[in-house]
Amino acid sequence: MSDVSILFRTPPSIDVHSPESMLEKLLSNESDIGVGYFGSFPPLLTFKPAFVEKQVVCCGREHKLFYNSEGLTFEDLEQNCPWIKRGYVVEHHINHIRPKTLSATTYHMEATAQLILAGYHVGYLPRDLARRYEGMGLMKILLPNEASYDVEHHWAYRENQQKQTADFLHKMMNLL
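Note that this is a predicted model, so its numbers are computed, not measured. (Residues numbered from 1 in each chain as written. Predicted model: local features only at pLDDT ≥ 70, side-chain atom pairs only at ≥ 80, totals over all residues. Heavy atoms only, no water.)

A few words now on the overall build of the protein. When you go through the protein residue by residue, the secondary structure sums to 6 helices and 9 strands. Every one of the 176 residues in the protein was classed for burial, and the buried ones make up 47%. The contacts in the protein between residues at least 6 apart in sequence include a share of 63% that link residues at least 24 apart. Of the roughly 9,500 Å² of accessible surface on the protein, a fraction of 53% belongs to carbon and sulfur atoms. (Helix = DSSP H or I, 4+ residues; strand = E, 2+ residues; numbered from the N terminus. Buried < 20%, exposed > 50% of the residue type's maximum accessible area, 1.4 Å probe, protein only. Contact = heavy atoms within 4.5 Å. Areas by Shrake-Rupley, 256 points an atom, 1.4 Å probe, with all protein chains shown as cover.)

By the burial criterion, the buried members of helix H1 (residues 19-27) are Pro 19, Met 22, Leu 23 and Leu 26. All buried residues of H1 lie within an arc of 100° about the axis, which places them on one face of the element. Remark: Asn 29 follows H1 within two positions and exhibits a positive phi of approximately 70°. (Arc of directions from axis to C-beta.)

In this section: the nonpolar core. Formed by 16 residues in total, the largest nonpolar core has its most connected members in Val 57, Leu 65, Leu 77, Trp 83, Val 122 and Leu 142. Contributing elements (two or more residues each) for this core: strand S4 (46-60), helix H2 (64-67), strand S7 (122-126) and strand S9 (149-157). Core analysis: the next-biggest nonpolar cluster, separate from the first, contains 13 residues, Val 56, Ile 84, Ala 113 and Ile 116 among them. (Core = buried A, V, L, I, M, F, W, Y, C linked by side-chain atoms within 4.5 Å.)

Relative to the assigned elements, His 153 resides in strand S9. Within the structure, His 153 has its side chain in polar contact with the backbone nitrogen of Tyr 37 (distance 3.2 Å). (Polar contact = N/O pair within 3.5 Å; in protein donor to acceptor, adjacent residues only side chain to side chain.)

Right, let's talk about the environment of Trp 83 for a bit. Checked against the element boundaries, Trp 83 lands in strand S5 (residues 82-86). A distance of 2.7 Å separates a polar side-chain atom of Trp 83 from the backbone oxygen of Leu 77.

So, on to the side chain of Thr 106. Relative to the helices and strands, Thr 106 resides in strand S6 (residues 101-106). Residue Thr 106 is classed as buried on the basis of its relative accessible area, which comes to 5%. Among the polar contacts listed, one links the side chain of Thr 106 to the side chain of Thr 112, at a separation of 2.5 Å. Dropping the residues within four chain positions of it, Thr 106 is found in contact with Ile 84, Lys 85, Arg 86, Gly 87, Ala 111, Thr 112 and Leu 115.

Secondary-structure assignment places Leu 65 in helix H2. For the pair Leu 65 and Leu 77, spaced 12 residues apart in sequence, the C-alpha to C-alpha distance is 9.8 Å.

With that settled, consider unusual backbone geometry. Here the phi dihedral of Asn 29 falls at roughly 70°; this positive angle occurs in a residue that is not glycine. As for its placement among the helices and strands, Asn 29 is situated in the loop between H1 and strand S3 (33-36). We classify Asn 29 as partly exposed; its relative accessible area is 37%.

Next up on the list: the pairing of S5. Within S5, 4 of the 5 residues are buried, which leaves it mostly tucked inside the rest of the structure. Of the strand pairs in this sheet, S5 and S6 are connected by 5 bridges, and their pairing is parallel. The partner of Ile 84 across the bridge, within S6, is Ala 104. (Pairing = 2+ DSSP bridges.)

With that out of the way, let us pick up the state of the cysteines. Tallying each qualifying case throughout the model produces 0 disulfides. In this structure Cys 59 is a free cysteine whose sulfur lies 7.7 Å from that of Cys 58, the closest cysteine sulfur available. (Disulfide = S-S within 2.5 Å.)

This paragraph deals with helix H4 (residues 109-118). All buried positions along H4 are accounted for by Met 109, Thr 112, Ala 113 and Ile 116. Looking straight down H4, one finds that the buried residues subtend no more than 100° of arc, so they occupy a single side. The inward-facing, buried residues of H4 contact S4, S5, S6, S7, helix H5 (127-135) and strand S8 (139-142). Positive phi appears at Gly 119, one or two residues downstream of H4, with a value of about 105°.

Now the structure itself:
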């Protein structure tokens, strides 16, 4: 799932943002609800756990590791592959990989997926999204046990919401 913010004004809108941008929009009252990974929890907002998402390392069908990853090690991934960097902060204790070569930066998983599919880069994607591409024969998950990590996503919102916003949030929290 992407980091999403929702605005209940006329007309309502749903946007994809980096976690930092989403927090700014919530704090400035430009968004009503956000859901995503947050590295900080400003006290003016309320945060409730939404879901845990496993992140996995992937390569595209055009990448050399797609057909030949036998014997691949964690160190090989770090030292010998061009990586896509997250454009926002991911805490070191969550993602322990420190690649030697950062060859691109993205702020959204959709952009990360496109660069991985192009075949030059490796990078992290949510496991559910990666499995869809893997099922189509377009992507391969590399070292799923050694290189994966979990990210806890949260709902973020202000307590003083309009009824329509509060009702929507309550329904969504019960779905996830």
